[in-house]
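Residues per chain are reported as follows:
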Amino acid sequence: TRSLTITSTDQSMFEKAQGEKVTLPCTFELSEEDEGPLDIEWVLIPADNQKREQIIIMYAVDRIYNHYYAAMNGRMQFTNLDPRSGDGSLDILNLRAADTGTYQCKVKKAPGVQSKKIQLTVLVKPARTKCSIEGSQEIGKDVTLKCVSQEGSPLLSYDWRRVSGTQELPATSMLNKNTGELLLKNASREYSGTYNCVASNRVGIDECSVELNVTPPVNTAGIIAGAIIGTLLGLSVLCFLIFCGCKKHREKKYEKEVHHDIREDVPPPKSRSSTARSYIGSNRSSLGSMSPSNMEGYTKTPYSQVPSEDFERAPPQNPTFAPSKVAAPNLSRMGAVPVMIPAQSKDGSIV
């Protein structure tokens, strides 16, 4: 039976970048036999066959209905505001990665019915690409330049180029386009310079750069020796400070103990008055047995000095004094009875 025909059959697959706009074509021609009402539907066919188709937008009874698919509200519309003209193409604005899928255009005008499927793939451009260096940047060492894009749909491809010096990669370099690693074996000074990485996929590119500076090997032995010497010196200073602190603490403790030490074996000092009274009392007791007749021969010499504390602490040995030089203390000044000291004659008798 002759009926309507969909004429846009040239392209059935589209690849677009995220954020861009796509037009899914669906043009048709009506026949004379098609006398029923015109209906145009766009549906999204799920990847899982168990799920039902999702109506996106529809034209029926001279009216457009676009509220069926909330994920595309405000982002889709018919290309032609009057689909009856034979153009039922669909525009999708500000594409997202979730918009990837299979879309089907259905045109109905009784008795004719036609449909067309279109595959849409929304790709994400490479973005936030970062370059880095892994390994020691010393002469004779192996250095790896790395390039990674934080965003971007597969398949991503990486390419390195040198933008300074000879602008050619070293002869010993090995590039992995899939991982973005550039291995430079046995690096030399000539390898130094600026390197640029280009990350790309089917919808866009992104770039980053890194500076390589190959230097002579570092004298690690000297660094280690210096670190050891510095550590030993530091420990020596620390030990000296600890020793000085302990010594000072001991000195302070000793001084404190000496100042506050109370010796119980040393009697308290006696006053001068008590010492004098003790001395006078002992003389009285020793002379009390003498008669007045025996004391006539003693000379009376005033004793004007009170015995001191040093006198009482004198050694126990009693030196022998000449009888004529011994004088009795003048006790009259102290309110005591004067006493006479006996003398001894040559034959040993008391006179």
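Residues numbered from 1 in each chain as written. Predicted model: local features only at pLDDT ≥ 70, side-chain atom pairs only at ≥ 80, totals over all residues. Heavy atoms only, no water.

The name given to the protein in an unreviewed UniProt entry is CXAR protein, and the organism recorded there is Pardalotus punctatus.

Student: Got a minute to help me understand the UniProt feature "transmembrane region" (unreviewed entry) in the protein in this structure?
Tutor: With numbering aligned to this structure, UniProt lists the feature "transmembrane region" (unreviewed entry) at residues 223–246. Within residues 223–246, the helical portion is 100% and the strand portion 0%, while the C-alpha atoms at the span's ends are 35 Å from each other. (UniProt positions renumbered as here; feature names shortened; annotations may be inferred. Helix = DSSP H or I, 4+ residues; strand = E, 2+ residues; numbered from the N terminus.)

Student: So what exactly am I meant to see when it comes to the side chain of Ser173 here?
Tutor: When you line up the elements, Ser173 lands in strand S15 (residues 173–176). Judged by relative accessible area, which is 19%, Ser173 ranks as buried. Looking at Ser173, its side chain comes within polar contact range of the main-chain oxygen of Pro170, at 2.7 Å. (Buried < 20%, exposed > 50% of the residue type's maximum accessible area, 1.4 Å probe, protein only. Polar contact = N/O pair within 3.5 Å; in protein donor to acceptor, adjacent residues only side chain to side chain.)

Student: Looking at this structure, how should I read the sheet that holds strand S18 (residues 204–212)?
Tutor: Either a parallel or an antiparallel arrangement is found when strands of a sheet pair, and the pairing is made through backbone hydrogen bonds. What the three strands build is an open sheet, ordered S14-S17-S18; its pairing is antiparallel. Each of the sheet's edge strands pairs with one partner strand only, and the pair in question is strand S14 (157–162) and S18. In this sheet, neighbouring strand axes are inclined to one another by 20° on average, regardless of whether the strands run parallel or antiparallel. Note that S14 and strand S17 (residues 193–201) share six bridges and pair antiparallel. (Pairing = 2+ DSSP bridges. Axes fitted to C-alpha atoms, helices over the stretch in contact; angles between N-to-C directions.)

Student: Sorry, what's going on with the sheet that holds strand S3 (residues 22–24) here?
Tutor: Taken in spatial order, the three strands line up as S3-S9-S8 in an open sheet, and their pairing is antiparallel. Looking at strand neighbours, the two that pair on one side only are S3 and strand S8 (76–78), the edges of this open sheet. Strand-to-strand twist across the sheet, computed as the mean angle between neighbouring axes with direction ignored, equals 25°. The pairing of S3 with strand S9 (residues 90–92) spans three bridges and is classified as antiparallel. Each residue of the ladder has a partner; that of Thr23, found in S9, is Asp91.

Student: Would you take a moment to explain the pattern of salt bridges for this structure?
Tutor: In a structure, side chains of opposite charge can pair up when their charged atoms sit close to one another. Inspection of the entire model under this criterion finds 11 salt bridges. Its salt-bridge partner being Glu53, residue Lys106 comes within 3.4 Å of it at the nearest N-O pair. Residue Lys106 is found in strand S10 (residues 101–109), and its partner Glu53 is found in the loop between strand S5 (38–45) and strand S6 (54–60); the two are separated by 53 residues along the sequence. By relative accessible area, which is 22% here, Lys106 ends up partly exposed. Ionic pairing is found between Arg84 and Asp62, a salt bridge with its closest N-O pair at 3.5 Å. One end of the pair, Arg84, is in the loop between S8 and S9; the other, Asp62, is in the loop between S6 and strand S7 (63–65), with 22 residues separating them in the sequence. Within the structure, one salt-bridge network assembled from shared partners comprises Asp62, Asp82 and Arg84. (Salt bridge = Lys/Arg side-chain N within 4 Å of Asp/Glu carboxyl O.)

Student: Can you walk me through a nonpolar patch on the surface in this structure?
Tutor: Together, Ile224, Ile228, Leu232, Leu235, Leu238 and Ile242 make up an exposed nonpolar region whose accessible area comes to about 580 Å². On the basis of relative accessible area, Leu232 is assigned to the exposed category, the value being 52%. (Patch = residues over 30% accessible without salt bridge, like charges linked within 9 Å, V, L, I, M, F, W, Y side chains within 5 Å. Areas by Shrake-Rupley, 256 points an atom, 1.4 Å probe, with all protein chains shown as cover.)

Student: Looking at this structure, how should I read the nonpolar core?
Tutor: As a rule of thumb, soluble globular proteins bury nonpolar side chains together. Grouped together as the largest cluster of nonpolar side chains are 27 residues, with contacts concentrated most on Leu24, Trp42, Ile56, Ile92, Tyr103, Val107 and Leu120. Breaking this core down by element, the ones donating at least two residues are S3, S5, S6, S8, S9, S10 and strand S11 (112–123). Not counting residues up to four positions away in its chain, the partners in contact with Leu24 are Phe14, Trp42, Ser89, Leu90, Ile92, Tyr103 and Ile118. If you look at the next biggest cluster of nonpolar residues, it comprises 18 residues, including Trp160, Leu182, Ala199 and Val210. (Core = buried A, V, L, I, M, F, W, Y, C linked by side-chain atoms within 4.5 Å. Contact = heavy atoms within 4.5 Å.)

Student: Looking at this structure, I do not really get the state of the cysteines. What am I missing?
Tutor: Formally, a disulfide is one covalent bond, and it connects the sulfur atom of one cysteine to the sulfur atom of another. Under the definition given, this model contains three disulfides. Sulfur-sulfur distance for the disulfide between Cys26 and Cys105 comes to 1.9 Å. With the S-S bond torsion at -70°, the cross-link from Cys26 to Cys105 turns out left-handed. Residue Cys26 is located in the loop between S3 and strand S4 (28–29), and its partner Cys105 is located in strand S10; the two are separated by 79 residues in the primary sequence. The disulfide partner of Cys131 is Cys208, and the S-S distance across this bridge is 1.8 Å. Here the disulfide of Cys131 and Cys208 is right-handed, its torsion about the S-S bond being about 75°. (Disulfide = S-S within 2.5 Å.)

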